[in-house]
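# Structure assessment
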Amino acid sequence: MDIKHYMNDLGIRARAASRAMAKADTAAKNKALSLIAVAIKREAAALRAANELDLAAAKAAGMEAAMLDRLTLSDKAIATMAEGLEQIVSLADPIGEISNMKYRPTGIQVGQMRVPLGVIGIIYEARPNVTVDAAGLCIKSGNATILRGGSEAIHCNQALAKLVKEGLAGAGLPADAVQIVETTDRAAVGELITMPQYVDVIVPRGGKGLIARLMQEATVPMIKHLDGICHVYIDDKADLKKAVDVAFNAKCHRYGTCNTMETLLVAQGIAAQVLPALADLYAGKQVELRCDDAAAAILAGYPHLAKATQEDWSTEYLAPVLAVKVVADLDEAITHINDYSSKHTESIITEDYSRALRFLREVDSASVMVNASTRFADGFEYGLGAEIGISNDKLHARGPVGLEGLTSMKYVVFGHGEVRQ
Ligand SMILES: NC(=O)C1=CN([C@@H]2O[C@H](COP(=O)(O)OP(=O)(O)OC[C@H]3O[C@@H](n4cnc5c(N)ncnc54)[C@H](OP(=O)(O)O)[C@@H]3O)[C@@H](O)[C@H]2O)C=CC1
Ligand SMILES: N[C@@H](CCC(=O)OP(=O)(O)O)C(=O)O
C-alpha cells in the first residue's frame, strides 16, 4: 500500500473509532488504562529491549547525549508511564459534563456540554513515554488518536502501541482508537496534516523545521507545542539559596527538555553575589556560559566562558550551554522575556510580593512561576496525570495540555416545544 492509501486507511479507522470512544463510558475507559498500565509493567524487559534497538541505532548515527537521554526508556521512565496512567484513571472524566445551564426569557434552557475533539494527530519527538502519555489522555478524554513519533523511537513505539491496543481490546473499546504511524517516511506527516475529513486537530511537538512545514502545508487546525526558550530571572530581592538552587536545577536537571532554562537574567544589584556561586556549580557540569559584558566581567576566570551574541537570546540549546545577562531591574527583565521567549515557561526568584505579582501578570508565557524551577512545567507535575505536550500557542490551550485541553464545549438546549417569535 502506498503512503497516501496507508494514511487514508488510518484516518478512516480513526474516525470510526472516535465515534465509539465519544460514547464510551468512564468504567470502560478506566479499565483500558489500567490494563495498559499492567501490560507495561509486565512487559518492562521487552520494552527495554526494543528501546535498546533504538538506542543502538541512534548512537551509531551520532545522536547527542541530551537527545539520547530523551530517547532512553529507563526502569524509572517505565514506572512513571504506568503511574501516569493510574493517575489518569483517578481523574474525573470530563466528557458529558453539563455546565452553565440558564433559563432564557423564551423558556428554553441553554448550557454547555464537554465533548471530545474527535481524532487528534500528534507528531512528536523521539521520546517513547509520550506514546503512552498521549494515548492515555486521548482514551480518557474520549478521543481517537494517530501517533507519529520521532523515527529514532520506532521500535519502542511499536512495542508500546501493541500494549495499548491490548488494553483497549481488553476493555471492549476499539483498538483503532490509538494507532501509530508504522512508517518513518515523512511523507506520512504530509498526509496526516492534510486530511481534515479524518483528523480534527494536529498537535505538533517539535522544532522550527517541523513547524515551518506545517504552517505551509497543514489544512487541519493545530495546537502548536514548540521550542522552549525559558528564562529564570533572579531579582535583587531574591533569597540567595533559592536563586542558586532553582537556577541550577532549571539548567542542569535535564538538558534536552523544552522546559529547561536557556537564558538566565540577573538583576545588577545581586549579580556579583549570585553569579560566582552559581558558576561554581555550573563548572562542575561543564556548562558553557554565554555572557553579556556585565556578567562576563563578574565571571572572569570561569573555565567555560564565551561572549554572548544577539543570536544567543533567541537560541534553544537543549545542551549544557546557558545565555547569561545582567539586567537593570524587573522592567528590563520582563521586556527581555517578552521580546525573546518562546512563550513557554518563565520564573522569577524574589521575596518581594509585588514584584512577583507583576511578573505573573506581565510576562506573556504559558507558565509563569515564582521561586520554582521551570522544569516543573509538566503535566505530571501539575497533577494532570500526563500531558499531550506543552502548548505555547495562545488559542484553545496553553501550557501542559491534559484532559480538558483535549475537549471542547458544545451548546445544549432543552425546550418544552418553544418556537422562535
Ligand atoms: N512544547 C513541547 O511540548 C515540546 C517541544 N519540543 C521542542 O522540539 C524541539 C526539538 O525536538 P526534536 O526532536 O529535535 O524535534 P523535531 O522537530 O526534529 O522532531 C519532532 C517530530 O517532528 C518530525 N519532523 C520534524 N521535521 C519534520 C518535517 N519537516 N516534516 C515532517 N516531520 C518532521 C520528526 O520526525 P523525524 O523523526 O522524521 O525527524 C519528529 O517526529 C525543541 O525545540 C523542543 O523544545 C519537543 C517536545 C515537546
Ligand atoms: N514533560 C517533559 C517536558 C516536555 C517535553 O516532553 O519536552 P521534550 O523533552 O522537549 O520532549 C518533562 O519535563 O518531563
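Note that this is a predicted model, so its numbers are computed, not measured. (Residues numbered from 1 in each chain as written. Chains lettered and ligands numbered in written order. Predicted model: local features only at pLDDT ≥ 70, side-chain atom pairs only at ≥ 80, totals over all residues. Heavy atoms only, no water.)

### A word on the nonpolar core
- Judged by nonpolar contacts, the single largest core of 68 residues is most densely connected at Ile-40, Ile-122, Ile-139, Ile-146, Val-199 and Ile-388.
- Core analysis: the next-biggest nonpolar cluster, separate from the first, contains 51 residues, Val-266, Val-274, Ala-279 and Tyr-302 among them. (Core = buried A, V, L, I, M, F, W, Y, C linked by side-chain atoms within 4.5 Å. Buried < 20%, exposed > 50% of the residue type's maximum accessible area, 1.4 Å probe, protein only.)

### Digging into the site of ligand 2
- For ligand 2, the full set of nearby residues is Arg-70, Glu-125, Arg-127, Arg-205, Gly-256, Thr-257, Cys-258, Asn-259, Arg-375, Asp-378, Glu-387 and Ile-390.
- A distance of 3.5 Å separates an oxygen atom of ligand 2 from a polar backbone atom of Gly-256.
- Separating an oxygen atom of ligand 2 from a side-chain N or O atom of Arg-375 is a distance of 2.7 Å.
- Contact with the protein chains removes 89% of the 370 Å² of surface that ligand 2 exposes when unbound.
- Of the residues in the shell around ligand 2, the class split is two nonpolar, three polar and seven charged.
- Residues from two domains meet in the shell around ligand 2; each of domain 1 (3-225 + 388-414) and domain 2 (230-376) gives at least three. (Near = heavy atom within 4 Å. Polar contact = N/O pair within 3.5 Å; in protein donor to acceptor, adjacent residues only side chain to side chain. Areas by Shrake-Rupley, 256 points an atom, 1.4 Å probe, with all protein chains shown as cover. Nonpolar A, V, L, I, M, F, W, Y, C, P; charged D, E, K, R; others polar. Domains from an automatic or database assignment.)

### Structural notes on the domain arrangement of the chain
- Domain assignment breaks the chain into domain 1 (3-225 + 388-414) and domain 2 (230-376).
- A straight line from the C-alpha centre of domain 1 to that of domain 2 covers 33 Å.
- Of the residues lining the interface, twelve residues belong to domain 1; the matching set on domain 2 comes to 14 residues.
- Interface area, domain 1 with domain 2, both sides summed: about 1000 Å², of which 47% is carbon and sulfur.
- At the boundary of domain 1 and domain 2, one finds three salt bridges.
- The shortest N-O distance in the salt bridge between Lys-394 and Asp-364 comes to 2.6 Å.
- Counting across the domain 1 and domain 2 interface gives four residue pairs in polar contact (both at pLDDT 80 or more).
- Those elements giving two or more residues to the side of domain 1 that touches domain 2 turn out to be helix H4 (65-71), strand S14 (390-391) and strand S15 (399-400). (Contact = heavy atoms within 4.5 Å. Buried area = accessible area lost by both parts, 1.4 Å probe. Salt bridge = Lys/Arg side-chain N within 4 Å of Asp/Glu carboxyl O. Helix = DSSP H or I, 4+ residues; strand = E, 2+ residues; numbered from the N terminus.)

### Remarks on the environment of Leu-73
- Turning to its location among the elements, Leu-73 is positioned in the loop between H4 and helix H5 (75-90).
- Residue Leu-73 is classed as buried on the basis of its relative accessible area of 3%.
- Here the alpha-carbon distance between Leu-73 and Asn-51, two residues 22 residues apart in the chain, equals 6.3 Å.
- The residues contacting Leu-73, other than those within four sequence positions of it, are Leu-47, Arg-48, Asn-51, Ile-78, Met-81, Pro-128, Asn-129 and Cys-156.

### Some remarks on the sheet that holds strand S10 (residues 305-307)
- Spatial strand order, S10-S9-S11-S8-S7-S12-S13: seven strands in an open sheet with parallel pairing. Two strands bound the open sheet, and with one partner strand each, they are S10 and strand S13 (367-370). Mean inter-strand twist for the sheet, computed between neighbouring axes without regard to direction, equals 20°.
- Pairing of strand S8 (residues 261-267) with strand S11 (residues 321-327) involves five bridges; the strand directions are parallel. Opposite Leu-264, over in S11, you have Val-324 as the bridge partner.
- Lying over the sheet, helix H10 (residues 240-252) contacts strand S7 (230-234), S8, S11 and strand S12 (345-349), oriented at roughly 160° with respect to S8.
- Sitting on the sheet, helix H11 (residues 268-284) is in contact with S7, S8, strand S9 (288-291) and S11, with an inclination near 140° to S8. (Pairing = 2+ DSSP bridges. Axes fitted to C-alpha atoms, helices over the stretch in contact; angles between N-to-C directions.)

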